[in-house]
Amino acid sequence: MEKVAVIGGGQMGSQIAALSAMSGHETSIFDSNKEYLDSKLVFTKENIENLVSKDLIKKESLDNFNQNLKVYDSLETVVDDKTFVIEAVVERFDVKKEIFTTISKKLDEDVVLATNSSFIAASEIAQHCKHPERFINMHFFYPPLRMDLIEISFPESTSKEVVDRTKELSELMGRTVVTLNKETPGFIVNRMLGALVDEAYELYDEGIADFKDIDLAIKKGLNHPLGPFELTDYSGLDISYYSKLKIYNETKNPKDKPKKFLEEKVKDGKLGVKTGEGFYNYDKPSKS
Ligand SMILES: NC(=O)c1ccc[n+]([C@@H]2O[C@H](COP(=O)([O-])OP(=O)(O)OC[C@H]3O[C@@H](n4cnc5c(N)ncnc54)[C@H](O)[C@@H]3O)[C@@H](O)[C@H]2O)c1
């Protein structure tokens, strides 16, 4: 059994840590914003209780969650004595690089270092760190408690043992694993979803339809459960903006430049459900 440390306890990290604890792993978590983390963990617990009450998961999972998950108040202590680190902090390369360079100096070389980043490849981070062969992308979906898939991706330098251990942990968490043969920004799902969202943004930017009508058209016309703007509100406008900006900085293709309306919302702190407003308004910031 791995001993798991999760760094970053926002929408994703809190539930990734929960999945780890629920599956019987000793799990630690740290977030630089303790208040945000606490609110996410309260919500996560309520969510697990709800799943237990509907018989969708066993009561044992809730007991494991209560027993196995511990909150730490520093980056240094959260990784102490751990064998597997999953990073789920804000989607910014500078922040992730700083965290991984710090912990890779301190941790034994056989500790797996996984990032849940949606667009930053393990190889980009690994090249700045000690023992690059232990780096891997372990990409969960929101909300991790309910979404079954984990995409695993890694550069050639990653060892087979690290890949096998990541698959094993994912499966113990009860998730289905898809393994990519090559690194690519966005992996499989977000690459395909990106094409849909890009086209939705383009239609809105050109004034062809209101975002609510675009969402409605996709839901009714393609039978998707959520429209592209609703989906962005749930995953976070900041994730959408920074991932697009990263691609644009690499390609300099004007087509990849994040749309002005998206940039303005992110600068105004309208990040979606988590802040109470994105494209749509929400009564109060959601804890989900
Ligand atoms: N939201 C999604 O749908 C989704 C899906 C898959 C992967 N991801 C990836 O998961 C990661 C987190 O996304 P999220 O949606 O949970 O965002 P979020 O904003 O809810 O959480 C990010 C957390 O990082 C914390 N943080 C920032 N700097 C930190 C530091 N130096 N040390 C410790 N904690 C720090 C913040 O306080 C916050 O709690 C991103 O890399 C994103 O690409 C997101």
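What counts, and where the lines are drawn
- Residues numbered from 1 in each chain as written.
- Predicted model: local features only at pLDDT ≥ 70, side-chain atom pairs only at ≥ 80, totals over all residues.
- Helix = DSSP H or I, 4+ residues; strand = E, 2+ residues; numbered from the N terminus.
- Buried ≥ 20, exposed ≤ 12 C-beta atoms within 10 Å, placed from the backbone.
- Contact = placed C-beta atoms within 7 Å.
- Pairing = 2+ DSSP bridges.
- Right-handed = clockwise from strand over helix to strand, strands pointing away.
- Domains from an automatic or database assignment.
- Nonpolar A, V, L, I, M, F, W, Y, C, P; charged D, E, K, R; others polar.
- Axes fitted to C-alpha atoms, helices over the stretch in contact; angles between N-to-C directions.
- Parallel < 35°, antiparallel > 145°, perpendicular 65-115°, else oblique.
- Left-handed = near helix turned anticlockwise from the far one by under 90°.
- Expected span 1.5 Å × (residues − 1).
- Near = placed C-beta within 6 Å.

Student: Mind showing me how you'd approach the environment of Val 178 here?
Tutor: Looking at where Val 178 falls in the secondary structure, it is placed in strand 8 (residues 176-179). Its 14 C-beta neighbours within 10 Å are what place Val 178 among the partly exposed residues. As a C-alpha pair, Val 178 and Leu 56 span 122 residues in sequence and 23 Å in three-dimensional space. Every residue in contact with Val 178, bar those within four places of it in the chain, is listed here: Leu 149, Glu 151 and Ile 188.

Student: I would appreciate a short explanation of the pairing of strand 1 (residues 4-7) in the present structure.
Tutor: On a regular strand, one side chain projects to one face of the sheet and the next to the other, so that they alternate. Of the two faces of strand 1, both are covered, the one formed by Val 4 and Val 6 as well as the one formed by Ala 5 and Ile 7. Where strand 1 lies against strand 2 (residues 27-30), 4 bridges are found, and the strand directions are parallel. Residue pairing in the sheet places Val 4 in a bridge with Thr 27 of strand 2. In this view, the connection linking strand 1 to its parallel neighbour strand 2 by way of helix 1 (residues 11-22) has right-handed handedness. Taken together, the 4 bridges between strand 1 and strand 4 (residues 84-87) define a ladder with parallel strand orientation.

Student: Explanation requested: the domain arrangement of the protein in the structure shown.
Tutor: By a widely used convention, the size of an interface equals the accessible area lost when the partners come together. When the domains of the protein are assigned, the result is domain 1 (4-179) and domain 2 (189-275). A separation of 26 Å is found between the C-alpha centroids of domain 1 and domain 2. In this assembly, 7 residues from domain 1 lie in contact with 10 residues from domain 2. Among the residues forming the side of domain 1 that touches domain 2, the class breakdown is 2 nonpolar, 2 polar and 3 charged.

Student: Explain the packing of helix 1 against helix 2 (residues 34-53) to me, please; I cannot follow it from the model alone.
Tutor: What describes two packed helices is the angle between their axes and the distance between those same axes. It is the contact of helix 1 with helix 2, at a shortest axis distance of 9 Å, that shows an interaxial angle of 50 degrees. By the angle between their axes, helix 1 is oblique relative to helix 2. Of the two elements, helix 1 crosses helix 2, and the hand of that crossing is right-handed. Counting all contacts with helix 1, which are made through Gln 11, Ser 14, Gln 15 and Ala 18, the residues of helix 2 involved are Leu 37, Lys 40, Leu 41, Thr 44 and Ile 48.

Student: Would you take a moment to explain helix 8 (residues 189-205) for this structure?
Tutor: Given 3.6 residues per helical turn, the α-helix brings residues three or four places apart onto the same face. The end-to-end C-alpha distance of helix 8, which contains 17 residues, comes to 24 Å, matching closely the 24 Å that a straight helix rising 1.5 Å per residue would cover. Those residues of helix 8 lying buried are Asn 190, Ala 200, Tyr 201 and Tyr 204. Of the surrounding secondary structure, the elements contacted by the buried residues of helix 8 are helix 9 (211-222) and helix 10 (228-235). Two residues or fewer past helix 8, Gly 207 is found with a positive phi of approximately 75 degrees.

Student: Sorry if this is basic, but what is going on with the site of the ligand here?
Tutor: Surrounding the ligand, one finds 28 residues, the nearest of these being Gly 10, Met 12, Asn 33, Tyr 142 and Ser 235. Of all the secondary structure elements, the ones that give two or more residues to the shell around the ligand are helix 1 and helix 5 (93-106). Among the elements that line the shell around the ligand, the one with the most residues is helix 1, at 3 residues. Here the residues of the shell around the ligand are counted per class, giving 12 nonpolar, 13 polar and 3 charged. Viewed by domain, the shell around the ligand spans two of them, domain 1 (4-179) and domain 2 (189-275), each represented by three or more residues.

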